[in-house]
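Working through the structure, step by step
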Amino acid sequence: MARTPAAANPRKRKPNPLRARRLDAVDWKDTALLRTFISDRGKIRSRRVTGLSPRQQRQVAAAIRTAREMALLPYPNAARN
């Protein structure tokens, strides 16, 4: 069975959550928004998962790191059993 080329089977792009909320910049004080980009283990979700542009992903990651420094968001749990 032959595989079809990627161009013949286009995938639907994820909707951009920042464009949906009509946001131009990401604020590190908006923890409700930033929590949507963090996994349940506290890790920053990848662009592939979030659907952000590269520039927006960098802004979100920087805002999450700043919010963690200010103790508004948790750091990822590095403890392993």
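To keep things clear, this report deals only with the structure shown in the data block. All figures in this text were calculated on a predicted structure; none of them were measured in a lab. (Residues numbered from 1 in each chain as written. Predicted model: local features only at pLDDT ≥ 70, side-chain atom pairs only at ≥ 80, totals over all residues. Heavy atoms only, no water.)

As for helix H4 (residues 54–69)
The end-to-end C-alpha separation of H4 is 23 Å, in line with the 22 Å expected for 16 residues at 1.5 Å each. Gln56, Gln57, Val60, Ala61, Ala63, Ile64, Ala67 and Arg68 are the residues of H4 that are buried. Burial along H4 is one-sided: seen end-on, the buried residues are contained in an arc of 165 degrees. Exposed positions of H4 whose direction lies more than 90 degrees from the buried face are Arg55, Arg58 and Glu69. Against the buried residues of H4 lie helix H1 (17–20), helix H2 (31–35) and helix H3 (47–50). At the C-terminal side of H4, Ala71 shows a positive phi close to 65 degrees. (Helix = DSSP H or I, 4+ residues; strand = E, 2+ residues; numbered from the N terminus. Expected span 1.5 Å × (residues − 1). Buried < 20%, exposed > 50% of the residue type's maximum accessible area, 1.4 Å probe, protein only. Arc of directions from axis to C-beta. Contact = heavy atoms within 4.5 Å.)

Focus: the environment of Arg41
Looking at the secondary structure, you find Arg41 in the loop between H2 and H3. Judged by its relative accessible area of 64%, Arg41 is exposed. Through-space distance from the C-alpha of Arg41 to that of Asn77 is 6.4 Å; in sequence the pair is 36 residues apart. Contacts of Arg41, omitting those with residues within four sequence positions, involve Pro76 and Asn77.

Interpretation note: all reported values are geometric properties and have no functional meaning in isolation.
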